[in-house]
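Spelled out, the chains give:
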Amino acid sequence: MRSNKFPTLHLLPLLLAITPALATAEVKIDPSISSAVYAYGIKNQTADADEGMAYELVPELNLAYTGSWLSSSLNLQSQNLTFDDAQRDNQSLFSYRWAGGASLLNDALDVQLGAQQNNRRASGSTARYQDHISSTSDLAKVESQTASVAYSHDRFDWAVMDFSVNAARTSSDVSLSEFDNETGEAVGLDNSVLAGAFELKTRDRNRKFFWGFNGRATKTDRDIRESQYNRRAQGVIGVPFFWRVSMIATGSVENNSNIDGGSSVFSQYRNHRSIGGGLEWKITDRSWWNVTYNKVNNAKDDKEYLGTAFELVPSKRTKLSGSLDKRFFGRTAQAKGSYQLKHLRMELNVSDTVGSLLGLNEGDLETNLFVCPPGVTPGLDSCFQPPTANYLPARGEQYYNIANPTSDLSEFLVVRRNVSYLLGYDFNRLKLAARFGQRKDQLIERNSVRDDKFVNVSANWQLNARNSVTLSTDYSDLVYQVDGVESFGDLTGIVKSMTLTFTREINKSLTANANLKRVNVDYGSDSRDYQENRAWIGVEYKF
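A few points on the structure.

Cut-offs applied
Each chain carries its own residue numbering, running from 1 in the direction its sequence is written. Reporting of local features is limited, given that this is a predicted model, to residues whose pLDDT is at least 70; pairs of side-chain atoms are given and counted only at 80 or more, and all residues count toward the totals for whole chains, interfaces and linings. Neither water nor hydrogens contribute to the side-chain values; these are computed over all heavy atoms in the structure. For helices the rule is a DSSP run of H or I covering at least 4 residues; for strands it is a run of E covering at least 2, with both sets numbered from the N terminus onward. Partly exposed residues are those whose accessible area sits between 20% and 50% of the maximum for their type, while under 20% is buried and over 50% is exposed, using a 1.4 Å probe and protein chains only. Should any heavy atoms of two residues lie within 4.5 Å, those residues are considered in contact. Working definition: a ring pair exists when centres of Phe, Tyr or Trp rings (six-membered ring for Trp) sit within 6.5 Å. Plane angles under 30 degrees give stacked, over 60 give edge-to-face, the rest tilted. Two conditions define a charge sitting above a ring: the NZ of Lys or the CZ of Arg must be within 6 Å of the ring centre, and it must be within 35 degrees of the ring normal. One side-chain nitrogen of Lys or Arg within 4 Å of one carboxyl oxygen of Asp or Glu is enough to make a salt bridge. Counting of polar contacts relies on pairs of N or O atoms within 3.5 Å, with two restrictions inside protein: one atom must be capable of donating a hydrogen and the other of accepting it, and residues adjacent in sequence are counted only when both atoms are side-chain atoms. As used here, the term nonpolar core means buried Ala, Val, Leu, Ile, Met, Phe, Trp, Tyr and Cys residues forming a set that is joined through side-chain atoms within 4.5 Å. A pair of strands counts as paired when DSSP detects no fewer than two bridges linking them.

### Looking at the overall build of the protein
Each helix and strand in the protein was counted, giving 3 helices and 27 strands. Taken over 543 residues, the protein has a buried fraction of 41%. Sequence separation of at least 24 residues holds for 57% of the intrachain contacts in the protein that already meet a minimum separation of 6.

### A closer look at the packing of aromatic side chains
A complete count under the given rule lists 11 aromatic pairs for this structure. When the ring of Phe94 is compared with that of Tyr96, the centres are 6.0 Å apart and the planes differ by 40°; the resulting orientation is tilted. Ring geometry for Trp158 and Trp211: centres 6.4 Å apart, planes at 45°, overall tilted. With Trp158 in the loop between strand E6 (140-153) and strand E7 (159-175) and Trp211 in strand E9 (residues 210-221), this pair connects stretches of sequence that are 53 residues apart. The rings of Phe266, Tyr269, Phe328 and Phe329 are connected pair by pair, giving a single aromatic cluster. Here the guanidinium or amino end of Arg205 rests over the ring plane of Trp288, the centre of that ring lying 3.9 Å away.

### Overview of the pattern of salt bridges
Under the counting rule described, the total for this entry stands at 16 salt bridges. Asp85 is paired through a salt bridge with Arg88; the nearest N and O atoms lie 3.0 Å apart. Under the relative-accessibility criterion, Asp85 is labelled buried at 11%. You can call Arg88 buried: its relative accessible area is 5%. Of the charged contacts, one joins Arg169 and Asp190 as a salt bridge, the two residues approaching to 2.7 Å between their closest N and O atoms. Residue Arg169 is located in strand E7, and its partner Asp190 is located in strand E8 (residues 187-202); the two are separated by 21 residues in the primary sequence.

### So, the environment of Pro240
Its location among the elements puts Pro240 in strand E10 (residues 228-242). Expressed as a C-alpha distance, the spacing of Pro240 and Glu280, which sit 40 residues apart in the sequence, is 9.5 Å.

### Quick word on the side chain of Arg534
Positionally, Arg534 belongs in strand E27 (residues 530-542). Within polar-contact distance, the side chain of Arg534 engages the side chain of Asp131 at 3.0 Å. A distance of 2.8 Å separates polar atoms of two side chains, one belonging to Arg534 and the other to Glu532. Dropping the residues within four chain positions of it, Arg534 is found in contact with Tyr38, Ala39, Tyr40, Asp131, Ile133, Ser134, Asn515, Leu516 and Lys517.

### A short note on the nonpolar core
With 15 residues, the main nonpolar core has Tyr38, Tyr40, Ala54, Tyr129, Ile133, Val521 and Tyr530 as its most contacted residues. Mapped onto this core, the elements with two or more residues apiece are strand E1 (26-43), strand E3 (70-83), strand E26 (510-523) and E27. A per-element tally of this core places E1 first, with 4 residues. Contacts of Ala54, omitting those with residues within four sequence positions, involve Ala36, Val37, Tyr38, Tyr40, Thr82, Phe83 and Ile133. Counting residues in each nonpolar core, the second largest holds 9 residues, with Phe266, Phe329, Val415 and Ile444 among its members.

### Things to note about the pairing of strand E2 (residues 50-66)
For E1 and E2, the ladder comprises 17 bridges, and the chain directions are antiparallel. Counted as the bridge partner of Ser32 is Glu60 from E2. In sequence, E2 turns back onto E3 through a hairpin of 3 residues.

Set out below in structure tokens:
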């Protein structure tokens, strides 16, 4: 007869192992409820006046678990809106955000899981200025799930190794892209991305003989269009030449799967191979710079080009690294820099990414200038600047982003060039956050470009222990191009907005706010011009 105690005996060692971790873990439960009353007036090119009021009730729950090696956080929110105008229907919008992580093998192995759901306008052009209050049509429900495993081995004296695997799935029940659907018909989409990366290199770039190899493979599965993969590998070898100068040899290869339209836009879309050589100068023990002369083996034109890479660390507070090279789409640039003082922080980011618009949705927005503790509404008045340059957010904390550049919920593959300069200041009663940038999407399957230049500035002044004022301004200049000519004149133009918020902390549990907002949209075609004035008051109670 089989014993019923057998499974228990197997589980007993596991229970004994995790009991100490559970005993030392910290669990936080932060429920809250907020309510707001909105009054708005919208002027567009329709004959009917768009004025009315909206009433909002938002219950919210934040859960956070932090242990010695395991952590998790969950945010649940239900936004219930009631309108008294004829253009909008009452609606309830549910959103959530869950993240979990485990650190194993003395922090060498990192496992991350995540899932979230939110609601937004499906078209990136209108999502720049319309939200859940001003939108007169159904919002798209966007869901995403992510998983990643990263392993880092740095115990060898001569080399370090990094390996990672990432999987992500993004779906939208509504999509409406100017490039996807000429008829304007809305359809649902589901995209998934699987990526793997590795890097093996000498520990110290200042060795007489150094080398490094890295590679990355990505597969994008699309719901309607065909799947696409991208594989890329690079290598460098350096030998001493004289004094602090080394001779280096570099090589790279990149392959893409065949898709309709790709080769017509980029002549080297399927295969791109280059090899080169040059000199590298060891400026200091932590800084270096090289220049290489390279040749593209399979190019019809512009076979030779100059490339460069650098890493500059002039002080503990300043770091700048980057490269200028070529890929299948032409010149590519990568840069990452930071300057960090006690009260002032600046960041520079330049990157080129290949993927679908839906898969890249909100993938390049996170900044680490300000961190928001769990259970608070993200904002300068409730967030803080990290105390150190190497600060890692605790589970449940999230970075505060002053603005989110939007893109269409579409399956089109793009080469995304993202450039941003960020500034954060936190001293005494004043907090400042600014972002200046450009995001340019070059479609791979047709000769079209979406170029968005933006400026976002937000300032918070703590009047006293209970009162604060926040002023936020946003500017966005969007241009659509097809075959090198500006197109979609009714969607090309400038969006400007300004928001003023007064916040008062009545007690530790109750907070009230009063807000004013102005939005002005000036498109190339007058038929899409848009202006909005909005005023609202709100309260939030934390249990």
